[in-house]
Amino acid sequence: MRVLSLNNMLNDLEILEKRMQEPKIDFWIRQQEKEDRAKFRKCQSDLSIQIGKLRNARIEPLLPQLMSGEDDLKKGIDKLRREIAELDKIAEAIQAISNVINTLTSILAPFVPSPSK
């Protein structure tokens, strides 16, 4: 039952990722300050990377970690969905994306090796 929920969550993240690339969003972003545009684009990229890691990770060892972060991730996804729908304040949209990325990062950290520097 939980795996279905987690698959739904990944599906929600993928839908949000696509939504954030829609022309309406792109038009809105281009109207923002240069620094905010850069932050938003960086968040988009980071979110895509985390979704890719989640997609590529083997689900079995991740289940306990995913279940422990499920509520935070759901809340973050819901907040991001609202911010993207409202297109009101760039800072709040960036913060919502960052919160989802941080939650995903903390969930995946024990299972995904960090890139060596």
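Small disclaimer: the values here were computed from a predicted structure and weren't measured.

A few points about the overall build of the chain
Here is step 1: When helices and strands are counted, the chain shows 5 helices and 0 strands.
Here is step 2: Put simply, the chain has 117 residues, and 38% of those count as buried.
Here is step 3: Taking as baseline every contact in the chain between residues at least 6 positions apart, the subset at least 24 positions apart corresponds to 81%.
Here is step 4: Here the chain displays about 7300 Å² of accessible surface, and carbon together with sulfur accounts for 52% of that area.

So, the side chain of threonine 103
Here is step 1: Within the fold, threonine 103 resides in helix α5 (residues 90-108).
Here is step 2: Note on threonine 103: relative accessible area 15%, which makes it buried.

Description of the environment of lysine 89
Here is step 1: Secondary-structure assignment places lysine 89 in the loop between α4 (59-86) and α5.
Here is step 2: Take lysine 89: its relative accessible area is 45%, and that puts it in the partly exposed class.
Here is step 3: Setting aside chain neighbours within four positions, we find lysine 89 in contact with Trp28 and Glu83.

Focus on the confidence of the model for the chain
Here is step 1: Taken as a whole, the chain shows an average pLDDT of 79; of its residues, 83% reach a score of 70 or greater.
Here is step 2: No element of the chain has a lower mean pLDDT than helix α1 (residues 2-19), at 76, and none a higher one than helix α2 (residues 23-30), at 89.

A word on the pattern of salt bridges
Here is step 1: Enumeration according to the criterion identifies 7 salt bridges in this entry.
Here is step 2: Two residues, aspartate 12 and arginine 81, come together in a salt bridge whose shortest N-O distance is 3.6 Å. One end of the pair, aspartate 12, is in helix α1; the other, arginine 81, is in helix α4, with 69 residues separating them in the sequence.
Here is step 3: The closest approach of N and O atoms between glutamate 22 and arginine 19, which form a salt bridge, is 3.2 Å.
Here is step 4: Residue classification places glutamate 22 among the partly exposed residues on the basis of a relative accessible area of 32%.

Brief notes about the packing of helix α3 (residues 34-56) against α5
Packed helices, taken two at a time, are described by the angle between their axes plus the distance between the axes.
Here is step 1: Relative to each other, α3 and α5 sit at 25 degrees, their axes nearing to 9 Å. In terms of their interaxial angle, α3 and α5 are classed as roughly parallel. Helix-helix and strand crossings are classified by hand; for α3 and α5 the assignment is left-handed. Judged by residue contacts, Asp36, Lys39, Phe40, Cys43, Asp46, Leu47, Gln50, Lys53 and Leu54 of α3 engage Ile90, Ala93, Ile94, Ile97, Ser98, Val100, Ile101, Leu104, Thr105 and Leu108 from α5.
Here is step 2: The residue inventory of the contact of α3 with α5, partitioned by class, reads 12 nonpolar, 3 polar and 4 charged.

Reading the values: the criteria
Residues numbered from 1 in each chain as written. Predicted model: local features only at pLDDT ≥ 70, side-chain atom pairs only at ≥ 80, totals over all residues. Heavy atoms only, no water. Helix = DSSP H or I, 4+ residues; strand = E, 2+ residues; numbered from the N terminus. Buried < 20%, exposed > 50% of the residue type's maximum accessible area, 1.4 Å probe, protein only. Contact = heavy atoms within 4.5 Å. Areas by Shrake-Rupley, 256 points an atom, 1.4 Å probe, with all protein chains shown as cover. pLDDT = per-residue confidence, 0-100. Salt bridge = Lys/Arg side-chain N within 4 Å of Asp/Glu carboxyl O. Axes fitted to C-alpha atoms, helices over the stretch in contact; angles between N-to-C directions. Parallel < 35°, antiparallel > 145°, perpendicular 65-115°, else oblique. Left-handed = near helix turned anticlockwise from the far one by under 90°. Nonpolar A, V, L, I, M, F, W, Y, C, P; charged D, E, K, R; others polar.

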